Amino acid sequence: MQNIVDRIKKDLQKNGIGCAAVVACLILFALIFQDVCPVQILYGLPCPGCGLTRAGVLLLTGHFAAAFQMHPFIYGWAVLLLYVLFCRYIKGGKPKGALQFMIILIACMLLFYIYRMIRYFPDVEPMTRKDGLLLHWDPDRN
């Protein structure tokens, strides 16, 4: 157990400032723009990861079907996260194949994004349009 705590402390010492900066930016974005996604903020369009945060919250609160509906790839990311945490903190080693799995997840998410943009945009959450800072797209404007 002490080894796990030592690994966590070491990682926090090494990456704590960067993690805190990311969290601070997300909080700042949420307070200023009521959104944390840079793509949504700038362009008002959904990105391939759109809905992942909401799906993660749904998953953590036990709403498994709703999480899948919001973004089915939340389960792939959850498995990857658990695998990496297990390898790093329980086994004390590096996760083998994690990078390859992440690349496959991202590629699948890009294909799924194209499908969702064709099928659901702009009417079904999370594939909805908002006004962005750089792009104010109005499909009804002549």
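Residues numbered from 1 in each chain as written. Predicted model: local features only at pLDDT ≥ 70, side-chain atom pairs only at ≥ 80, totals over all residues. Heavy atoms only, no water.

1. A closer look at a nonpolar patch on the surface
The grouping of V23, I27, L28, L31, I32, F33, V39, L42, Y43, L133, L134 and L135 at the surface amounts to a nonpolar patch, some 1,100 Å² of accessible area in total. It is helix α1 (residues 2-33) that contributes the most residues to the nonpolar patch, six residues altogether. As for its placement among the helices and strands, L28 is situated in helix α1. Owing to a relative accessible area of 45%, L28 belongs among the partly exposed residues under this scheme. (Patch = residues over 30% accessible without salt bridge, like charges linked within 9 Å, V, L, I, M, F, W, Y side chains within 5 Å. Areas by Shrake-Rupley, 256 points an atom, 1.4 Å probe, with all protein chains shown as cover. Salt bridge = Lys/Arg side-chain N within 4 Å of Asp/Glu carboxyl O. Helix = DSSP H or I, 4+ residues; strand = E, 2+ residues; numbered from the N terminus. Buried < 20%, exposed > 50% of the residue type's maximum accessible area, 1.4 Å probe, protein only.)

2. Notes on the packing of helix α5 (residues 74-91) against helix α6 (residues 98-119)
Running from amino to carboxyl end, α5 crosses α6 at an angle of 170°, the nearest separation of the two axes being 11 Å. By the angle between their directions, the pair α5 and α6 is classed as roughly antiparallel. On α6, the residues touching G76, W77, L80, Y83 and V84 of α5 are A98, F101, M102, L105, I106 and M109. Tallied by class, the residues present in the contact of α5 with α6 amount to 10 nonpolar, one polar and no charged. (Axes fitted to C-alpha atoms, helices over the stretch in contact; angles between N-to-C directions. Parallel < 35°, antiparallel > 145°, perpendicular 65-115°, else oblique. Contact = heavy atoms within 4.5 Å. Nonpolar A, V, L, I, M, F, W, Y, C, P; charged D, E, K, R; others polar.)

3. Examining α6
A rise of 1.5 Å per residue sets the reference length of α6, with its 22 residues, at 32 Å; its end C-alpha atoms lie 31 Å apart and thus fit the reference within 8%. Taken residue by residue, α6 has A98, L105, M109, Y113 and R116 as its buried positions. Within α6, the buried residues cover an arc of 85° as seen down the axis, which keeps them to one side. Pointing more than 90 degrees away from the buried face of α6 are the exposed residues I103, I104, L111 and I118. (Expected span 1.5 Å × (residues − 1). Arc of directions from axis to C-beta.)

4. Quick look at unusual backbone geometry
In most cases, non-glycine residues show a negative phi, while peptide bonds are predominantly trans. Backbone torsion omega between F121 and P122 reads 0°, so that peptide bond is classified as cis. Relative to the helices and strands, P122 resides in the loop between α6 and β1 (123-124). Between E125 and P126 the backbone carries a cis peptide bond, its omega angle lying at 5°. Secondary-structure assignment places P126 in the loop between β1 and β2 (127-128).

5. Some points on the environment of F112
With respect to the element layout, F112 can be found in helix α6. Its relative accessible area of 21% is what places F112 among the partly exposed residues. In this structure the C-alpha to C-alpha distance between F112 and Y43, which are 69 residues apart in sequence, comes to 20 Å.

6. What to know about the pattern of salt bridges
The full count for this structure, using the stated rule, is four salt bridges. For the salt bridge of D11 with R88, the shortest nitrogen-to-oxygen distance reads 2.9 Å. With D11 in helix α1 and R88 in helix α5, this residue pair connects regions lying 77 residues apart in the sequence. Judged by relative accessible area, D11 falls into the buried class, the value being 17%. Between D35 and K130 there is a salt bridge whose closest N-O contact spans 3.5 Å. Placement of the pair is D35 in the loop between α1 and α2 (38-43) and K130 in the segment after β2, with a sequence separation of 95 residues. For D35, a relative accessible area of 17% gives the class buried.

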